Amino acid sequence: MISLKTEKGGTASKGVVPPFLLNWLGLLPFAALIFVFLVVPAIGVFIQALHNSDGSVGFGSMREAVTGQNFDAFVFSFGFSLGTATVGTLFGLLVAYAIAVTSRPRWVRGVAMSFSGVTANMGGVLLAFAFLSLLGRQGVLTKIFSALGWDLYAGDFNLGNTVGLIVVYSYFNIPLMVLVSLAAVENVKGTWREACSSLGGNAFTYWRRVGLPVLSPSIISGFLLLFANSFSAYATARALTDNSKIVPLRIGFFLSGDIKTGTDSLGYALAAWMIIVMAVCIALYWIARSRAERWQRA
Amino acid sequence: MVISAMKFENVVMRFGDTTALHQFNLEVSQGELVSLLGPSGCGKTTALRLAAGFITPTSGHLSLSGKDITVVPAHRRNMGMVFQSYSLFPNLSVVGNIEFGLRTRKVAASERRKISDEMIGLVRLDGLEDRFPHQLSGGQQQRVALARALAIRPEVLLLDEPLSALDAKVRLELRDQIRRLQQSLGITTIFVTHDQEEALAISDRVAVMSSGIIEQIDTPFQIYKNPASENVARFIGAIVEIDAHVVNSHQVAVGSRQLSCIGADSQVGSEVRLMVRPEEFILSRDVVSDDCLVGTVVRTEFRGSQTLVFLSVPDVPNELSAIAAPGEAPPSVGSQLGIRLSTEFTRIAPR
Amino acid sequence: MRDNGRPVWAYFVLCITGLFFLAPFLTMARFAFQNVLVIDLGWSNLFENWSFDKATAAFGATYFAESLWYSLRLAVFTSVLSVAIIVPTAVFVHLRLKRLRTIIEFFTLLPYVIPAIGLVAGIVVLKPYIRGFIASDYSLVPFYAVLSLPFTYRALDSALQSLPLETLVSASRSLGATWTQTLFRVLLPNIKTAVISGVFLTIAIVLGEYTIADVLLKRTLPAFMVEYRGTDPRGGYALAVLTLALTTLLFVVLGLLTRSRHEKSRSS
C-alpha cells in the first residue's frame, strides 16, 4: 500500500527509491483521497461558475452571484453566521469553563466530551426533527409556554427564521466550541492562576492580564470555526424552512432546478463564492490556532 | 524570644476521607532554608500549598512573623513561589513576567525596570529580557520564575520541587544558584523535594516526612548520622540492614559468626537490626579473626575519590556495600574480605 | 482562591446545558412513542399510550432492513478506508515529515472549506462523467471518509504527539520487526483509543448524513428516514430516536475509554 509497508526485513531501510521520493510517496493515498473526492469536485464547481448565463466563459455568473437578491443573501448569511457564532462561542466557553472547574464527579468531563462528539456531528435532518418536536408549532415546549401564558408563535417566531435557526444551530455550535477550546481552558485555569495569586494578583487581575490574553487565540479560532460551520450548514436549514435567505439554501435551490437543465451557472457561482469565503475563514482559523498552540507548549 | 519567620501550629489537613497532614508543627527561622523531604504522598506539597494560601487548613494555625495568616487569601500573603512546571505566563516576556508582581503592587514603571534589571542580573539572564517563555530552555525558564518570585521581596520563598523537571547538569547548577541567592539575600525559604541528596546539600535543616507527619527535623548532618527511625535511615543515604542477635554488651551474632559491636548493652539477648552506612564498615584482608563477618566481593564501583565494594555475606540477605580502604586498589571480584563495624556506628534498632 | 472541585455555579450551568441538549431528544422520543397529540397532552396522561408500535411498524417497512444494512455496510467500509489511509499517513508524517505536520493538518481541514453543499454542487457537475462510479453502492464511501477527516486526523495526531514515536519504531526495528509488524504490534495498540474514537465518529457521520446521499440517490438509513417520515411522521421520528440512541451509546462507551486514559495523565 504505502512505501512504509512494502519494505520487508530488518535493517536495510533504504531501498532502490531515493529517500526524498519515498517521503512524498508515503503521502500519496492521503493526497489522492483528498484530491479526487474533494478538490476535483471543487474545481468542477469553479469551472462551471466561470461561465456567463448564455453559456460562454466569463465572470458573468460570478458577478451575478453577488448582486441584487444574491448579495442580500450573502449579507444575511454573514450577519446570521456572526450571530450564531457569537452565541455559540460565548455559551461554549461558559460550558467549557464549567467542565474545567468541575473535578468532582469525575465522569463529567468524559460524558461532556462524548456528548459533544455526538452533537457536533449530528446530521441536520435529525436535529431539525428533534427541534420541531420541541419548539415547533406542535412542540411540547411551545405548549408549555402557552400554558404559562406566552404564545411563542404570536409574533413572527418560527424555527426557520433567524432567531429560531440561531437556537437550533447552537445545538451543534456549542459542543463544537467545547471540543475546540476545552484543552485551552483547562490549561488556563491551572498553575498560572496560582502563580498569579502568589504574586499578589486577584481573580480580576489574572483574567485581565494572563487568562484572557492567553485564551484569546483559542477563542478567536473557535469563533472562526463556528462561523464557517454556520455559514455553510445546509441540511438543518433545509429541513426547517423552504425560503432561500441564506447562501447554502440558495445554492440548493438553484441546483435542484439545475439537475434538469445543466446550464445555469448561477448556482455554481454562488457555491464558488461560498467556498472562497470558507477558505478565508479557515485560513484565519488556522493562524489563530497555531498561535494558541504555541503558547500552550510553553 | 525570637519570633520565627513562619510557623505552622498543629495544622491538620483533610481532603474528604483522607488526611494529608496530621498535627503538623514547624517553625522556620528568619533566613533559614528548610527542606521538606519525602516520597510522593507524604504531605510535603500540601504543607507548601498551605503556606502559600492555595488551601486552608482543616484545623490549626499558620503565622508569618508573628501575625496569624491562617485565613489570609493567597494573593495577600507576601510570599514568592516557584513551581515545578515553571508556570511562566506565556503571553508575557521575561521582563513582563518578572515585573508582574510589581505591577500588582502598583510600583512605578521606572522603579519596576530597575528591580527587574537587578533580578535579571542576579539570575544571569542578561540579554534575554524580551524573549518569551516558549523561546527559553527549561533551566532558563526556571531562573525567570525565580527572579519573578524574588522581585517582590517576599517574606518567605516557597519552592515546589523546582528542579525535578530539569536535566541533571542544569539541576546541579540551578540548585547551587538557588542556595547562593537565598543566602546572600537572607530570605526565609521552604524547599520541597523528594531528592534526598538535594535536600542534604543545600538545607540548613531538613524535615523528613512520611504519611503526613514529620519523622525528623534536624540539620543534614544529624539526619544522616542519627536517623530517628528506620524510615528516615532508609530514605536518607545508603543503608545496609543486618539482622543480628545480641550476645553480650560488645558482641552480636550474625548467623554463625560474631561481630564486635558497641552500644548494645541494653539489648542483651534480644533480636536487633543493625542499620549501617557503607562508610561505617571497615574492610580488611583479615578473614580469620572471630569478631568479624566475612564476605565475598561481588562487584566494585570506582568513583574516583572512593571505591564502593559490594559483598555477598552469609546470613545477610542483600548485598552489603562498604567503602574500600582509601589509597588501595579496588579488591578483585571473588576475593574474601573481613568486615567490621567502626566505632562511629551506633544504630541498633530492636526487631 | 479556594479550589475545591465542587463549584455550585458550574453544576448549575452544566445542568441547564444538559437539559437544553436532552430536551429535543426527549420530546422527539415522546412524539414517536406516545400516541397522544400535544394539544391533548397534560400531566394526567403523561405516561399513557406509550408504545413501541411505530418503531416496529417502521422496522417492517419495505426498505427499512435494506437501508439499515446498507448504512451499516457504508459505516464499516468508510471506517476501514478512513483508518487505513489516515493512520499510516499520520504515522508517516510524524516519523519522516515532521516539518510538514502543520501543512498536512491544514489539508485535513479542507472538508470545512468545501462543505457538504459545495461537495454536492461539485458532484452534480461531475455526474455525467462518472456515471459508472456513481452507480456503485459504495460511491459514498470515499466522500464519507473525506468528511470524517478533520476529526479522525486530529485525534490521531494528538495521540501520536504523546508517544515517543521514533524511539518505539527504532526499538521495534532493531529487534527485527518489519514495518508491518511494527505498525500492527507496536504502534496501533498505543493509539487504540484515538483510532476507536475516529471510527465511532465516522459511524456517527455515516448514520446522520443526508445531503450527499440524497444527491447520489442512495437509499441510506437517513434517506430512508426522511422518506418514511413522509408516509408516517411518527414512525420516521421513532427511527431517528433509535439511531440517535445508538450513536449516543457509542459515544458513552468512547467516553469511558478516553476518561481512564485522561485520568492517568492528570494525576501524574
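Since we're looking at a predicted model, the values are computed, not measured.

What counts, and where the lines are drawn
- Residues numbered from 1 in each chain as written.
- Chains lettered and ligands numbered in written order.
- Predicted model: local features only at pLDDT ≥ 70, side-chain atom pairs only at ≥ 80, totals over all residues.
- Heavy atoms only, no water.
- Helix = DSSP H or I, 4+ residues; strand = E, 2+ residues; numbered from the N terminus.
- Buried < 20%, exposed > 50% of the residue type's maximum accessible area, 1.4 Å probe, protein only.
- Contact = heavy atoms within 4.5 Å.
- Areas by Shrake-Rupley, 256 points an atom, 1.4 Å probe, with all protein chains shown as cover.
- Lys, Arg positive; Asp, Glu negative; His and termini not counted.
- Charge placed at Lys NZ, Arg CZ, Asp CG, Glu CD.
- Expected span 1.5 Å × (residues − 1).
- Buried area = accessible area lost by both parts, 1.4 Å probe.
- Salt bridge = Lys/Arg side-chain N within 4 Å of Asp/Glu carboxyl O.
- Polar contact = N/O pair within 3.5 Å; in protein donor to acceptor, adjacent residues only side chain to side chain.
- Pairing = 2+ DSSP bridges.
- Phe/Tyr/Trp six-rings, centres within 6.5 Å; stacked < 30°, edge-to-face > 60°.
- Lys NZ or Arg CZ within 6 Å of the ring centre and 35° of its normal.
- Axes fitted to C-alpha atoms, helices over the stretch in contact; angles between N-to-C directions.
- Parallel < 35°, antiparallel > 145°, perpendicular 65-115°, else oblique.
- Left-handed = near helix turned anticlockwise from the far one by under 90°.
- Nonpolar A, V, L, I, M, F, W, Y, C, P; charged D, E, K, R; others polar.

Caption draft 1: Region of interest: the overall build of chain C. Helix and strand counts for chain C stand at 14 helices and zero strands. Listing the helices and strands of chain C from first to last along the sequence gives α-α-α-α-α-α-α-α-α-α-α-α-α-α. Buried residues in chain C amount to 54% of all 268 residues. Counting contacts in chain C only where the partners sit at least 6 residues apart, residues at least 24 apart contribute 74% of the total. Total accessible area on chain C stands at roughly 12,500 Å², and carbon and sulfur atoms take up 67% of it. Charge separation in chain C, taken as the distance between the mean sites of 23 positive and 14 negative side-chain charges, equals 11 Å.

Caption draft 2: Main features of helix 6 (residues 107-120) of chain A. Residue and element names in this part refer to chain A. Counted at 1.5 Å a residue, the expected span for helix 6 with its 14 residues is 20 Å, and the 20 Å between its end C-alpha atoms agrees. Burial runs high along helix 6: ten of the 14 residues are buried. Residues of helix 6 that are buried: Val108, Arg109, Gly110, Ala112, Ser114, Ser116, Gly117, Val118, Thr119 and Ala120.

Caption draft 3: Geometry of helix 4 (residues 138-151) of chain B. Residue and element names in this part refer to chain B. Between its first and last C-alpha, helix 4 extends 20 Å over 14 residues, near the 20 Å set by a 1.5 Å rise per residue. For helix 4, the tally of buried residues reaches 13 of 14 residues, placing the bulk of the element in the interior. Arg153 sits one or two positions beyond helix 4 and adopts a positive phi of about 45 degrees.

Caption draft 4: Main features of the interface of chain C and chain A. Taken together, the contact between chain C and chain A spans 91 residues of the former and 96 residues of the latter. A buried area of about 8,300 Å², summed over both sides, lies between chain C and chain A, and 77% of it is on carbon and sulfur atoms. Connecting chain C to chain A are one salt bridge. The partner of C:Glu105 in a salt bridge is A:Arg289, with the nearest N and O atoms 2.5 Å apart. At the surface where chain C touches chain A, the tally comes to four residue pairs in polar contact (both at pLDDT 80 or more). The leading source of residues in the side of chain C that touches chain A is helix 1 (residues 8-33) of chain C, at 15 residues.

Caption draft 5: Up close: the pairing of strand 17 (residues 307-312) of chain B. All names here are of chain B. Among the six residues of strand 17, five are classified as buried, and the element is accordingly described as predominantly covered. Direction of pairing for strand 16 (residues 293-302) relative to strand 17: antiparallel, over a ladder of six bridges. Counterpart to Glu301 in the pairing with strand 17 is Leu308. Hairpin connection from strand 16 to strand 17: four residues lie between these consecutive antiparallel strands, with Gly304 at a positive phi of about 80 degrees. Pairing between strand 17 and strand 18 (residues 320-323): four bridges, direction antiparallel.

Caption draft 6: Region of interest: the packing of aromatic side chains. As enumerated under the stated definition, the model contains 29 aromatic pairs over all chains in all. On the basis of an interplanar angle of 40 degrees and a centroid distance of 6.5 Å, the ring pair of A:Phe74 and A:Phe231 is categorised as tilted. With A:Phe74 in helix 5 (residues 68-101) and A:Phe231 in helix 11 (residues 203-232), this pair connects stretches of sequence that are 157 residues apart. Of the two residues, A:Phe74 and A:Phe231, neither departs from the other in class, the shared state being buried. Put simply, the rings of A:Phe131, A:Tyr171, C:Phe20, C:Phe21 and C:Phe25 pair up and form one aromatic cluster. Sitting over the ring of B:Tyr224, B:Arg277 keeps its end group 4.2 Å from the ring centre.

Caption draft 7: Molecular detail of unusual backbone geometry. Residues and elements named next belong to chain B. A positive phi is found at Asn10, a non-glycine position, where the angle reads about 50 degrees. Within the element layout of this structure, Asn10 appears in strand 1 (residues 6-15). Judged by relative accessible area, which is 39%, Asn10 ranks as partly exposed. The phi torsion at Ser211 lies on the positive side, around 50 degrees, for a residue other than glycine. Positionally, Ser211 belongs in the loop between strand 9 (205-210) and strand 10 (213-218). Accessibility expressed as a relative area gives 57% for Ser211, which makes it exposed.

Caption draft 8: Looking closely at the packing of helix 3 (residues 28-49) of chain A against helix 8 (residues 140-161) of chain C. As a packed pair, helix 3 of chain A and helix 8 of chain C sit with axes 10 Å apart at the nearest point and diverge in direction by 110 degrees. Taken together, the axes of helix 3 of chain A and helix 8 of chain C are roughly perpendicular relative to one another. Helix 3 of chain A and helix 8 of chain C meet at a crossing whose hand is left-handed. Along its contact with helix 3 of chain A, which presents A:Phe30, A:Leu33, A:Ile34, A:Phe37 and A:Leu38, the element helix 8 of chain C presents C:Pro142, C:Phe143, C:Ala145, C:Val146 and C:Leu149. When its residues are assigned to classes, the contact of helix 3 of chain A with helix 8 of chain C shows ten nonpolar, no polar and no charged.

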